[in-house]
Amino acid sequence: MKAIVVIPTYNEKDNVARLASAVLAQHPDISILFVDDNSPDGTGKIIDSLVADHDRIHVLHRSGKLGLGSAYREGFKRALSLGADYIIEMDADFSHDPEVLPVFLDAARESDLVIGSRYLHGVSVVNWPIRRLILSYFASVYTRWVTGLRLMDCTSGFKCFRRSALECIDLDRIRSDGYSFQIEMNYRCMEKGLKITEIPIIFIDRHAGSSKMSRKIVREAVLMVWKLRLGSIFSKLWSR
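Scoring rules and cut-offs
Residues numbered from 1 in each chain as written. Predicted model: local features only at pLDDT ≥ 70, side-chain atom pairs only at ≥ 80, totals over all residues. Heavy atoms only, no water. Helix = DSSP H or I, 4+ residues; strand = E, 2+ residues; numbered from the N terminus. Rg over C-alpha atoms; globule rule 2.2 N^0.38 Å. Buried < 20%, exposed > 50% of the residue type's maximum accessible area, 1.4 Å probe, protein only. Contact = heavy atoms within 4.5 Å. Areas by Shrake-Rupley, 256 points an atom, 1.4 Å probe, with all protein chains shown as cover. Phe/Tyr/Trp six-rings, centres within 6.5 Å; stacked < 30°, edge-to-face > 60°. Patch = residues over 30% accessible without salt bridge, like charges linked within 9 Å, V, L, I, M, F, W, Y side chains within 5 Å. Salt bridge = Lys/Arg side-chain N within 4 Å of Asp/Glu carboxyl O. Pairing = 2+ DSSP bridges. Axes fitted to C-alpha atoms, helices over the stretch in contact; angles between N-to-C directions. Parallel < 35°, antiparallel > 145°, perpendicular 65-115°, else oblique. Nonpolar A, V, L, I, M, F, W, Y, C, P; charged D, E, K, R; others polar.

Q: Quick question: what am I supposed to make of the overall build of the protein chain here?
A: Broken down by element type, the protein chain carries eight helices and nine strands. Taking 240 residues into account, the globule formula puts the C-alpha radius of gyration at 18 Å, and the protein chain, at 17 Å, falls close to it. Counting all 240 residues of the protein chain, 50% fall into the buried class. The contacts in the protein chain between residues at least 6 apart in sequence include a share of 80% that link residues at least 24 apart. On the protein chain, roughly 11600 Å² of surface is accessible, and the fraction owed to carbon and sulfur atoms is 54%.

Printed below as a string of structure tokens:
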């Protein structure tokens, strides 16, 4: 088994070393691939020093802040080329607990995609203002209603793919960014008939209430679910 945790970074100099240590401590077969978008605070240089000291740490340097979706797309491709059997998405700010990684890998032995759900057993979110919590929760309700995804948490960014799951998806066709990237990846897995499992996690927002959810991100997600659903309907009609 070879698992690679793909972690996009932008201005995370205070976190990357501690996070790398915590992630690598979870299992000897876990490696890390940082995808750094030319962080102006020097995060990339810190990662380079980690790469020099650890053969289980890799880095993909990008020219600038190009978006979360493209960071994961490029990270997934690099992880596959490095021979990963399991590819895990994870935030760089400790919002996602590294100690849950072995649970993901255990669940992935029986599933193609394992999603860390904040809403599987009630609400497991810390430090979010009520407005953002309501928006996130009902975004999953709305997504389920439009797309037919049978998930409690459609926008979670803590998840594990089996290699075969990513190989059957054309990553170059995944053009969405932000939270809609998570929705689109889930939907493509559902389209392929892959087995998707949710496991409970506790999400702790280390930004203490500051929101990354801009109007542009929300608008993209609202439109994306209809694009996915209508695209699927028309595809079935044309195939008849």
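Q: Before we go on, may I ask you to explain the packing of aromatic side chains in this structure?
A: How two aromatic rings sit relative to each other is set out by the distance from centre to centre and by the angle between their planes. Per the stated rule, a full pass over the model turns up nine aromatic pairs. With a centroid separation of 5.3 Å and an interplanar angle of 85 degrees, the aromatic rings of Tyr137 and Phe138 are classed as edge-to-face. Take Tyr137: its relative accessible area is 28%, and that puts it in the partly exposed class. Put simply, the rings of Tyr72, Phe76, Phe161 and Phe181 pair up and form one aromatic cluster.

Q: Explain a nonpolar patch on the surface to me, please; I cannot follow it from the model alone.
A: Nonpolar side chains collect at one region of the surface, where Ile130, Ile134 and Phe138 lie side by side and expose about 320 Å² of accessible area between them. Note that Phe138 resides in helix H5 (residues 130–147).

Q: Mind showing me how you'd approach the pattern of salt bridges here?
A: Per the counting criterion, the structure on display carries nine salt bridges. Its salt-bridge partner being Arg62, residue Glu74 comes within 3.0 Å of it at the nearest N-O pair. Residue Glu74 is located in helix H3 (residues 68–81), and its partner Arg62 is located in the loop between strand S3 (57–61) and H3; the two are separated by 12 residues in the primary sequence. On the basis of relative accessible area, Glu74 is assigned to the partly exposed category, the value being 34%. For Arg62, a relative accessible area of 7% gives the class buried. A salt bridge links Asp205 to Arg132; its shortest N-O distance comes to 3.1 Å. Here the residue Asp205 occupies a position in the loop between strand S9 (203–204) and helix H8 (215–239), and Arg132 occupies one in helix H5, the gap between them amounting to 73 residues. On the basis of relative accessible area, Arg132 is assigned to the buried category, the value being 7%. The structure contains a network of salt bridges with shared partners spanning Asp37, Arg62 and Glu74.

Q: Explain the side chain of Ser136 to me, please; I cannot follow it from the model alone.
A: Locating Ser136 in the fold gives a position in helix H5. Excluding residues that lie within four positions of it along the chain, Ser136 makes contacts with Arg118, Tyr119, Trp128 and Thr155.

Q: What should I look at first to understand the sheet that holds S3 in this one?
A: Within a sheet, adjacent strands bond to each other through the backbone by hydrogen bonds, running parallel or antiparallel. Within the open sheet, the seven strands sit side by side as S3-S2-S1-S4-S7-S5-S8. Their pairing is mixed. Sheet topology places S3 and strand S8 (196–200) at the edges, where each strand pairs with a single neighbour. Shown here is a sheet whose adjacent strand axes are inclined to one another by a mean of 20 degrees, direction ignored. One ladder, built from five bridges, connects strand S5 (residues 113–117) with S8; its direction is parallel. Residue Ile115 lies in a different strand from S8, and its bridge partner there is Glu198. Of the strands in this sheet, strand S4 (86–89), S5, strand S7 (159–162) and S8 touch helix H7 (residues 178–191), which is tilted by about 35 degrees from S7.

Q: Honestly, the packing of H3 against H7 in this entry has me stumped. Any pointers?
A: Two packed helices can be described by the angle between their axes and the distance between those axes. Interaxial distance between H3 and H7 falls to 7 Å at its minimum, and their mutual angle equals 45 degrees. Taken as axis vectors, H3 and H7 run oblique relative to one another. Along its contact with H3, which presents Leu68, Gly69, Tyr72, Arg73 and Phe76, the element H7 presents Gly178, Phe181, Gln182 and Met185. Considering only residue class, the contact of H3 with H7 consists of five nonpolar, three polar and one charged.

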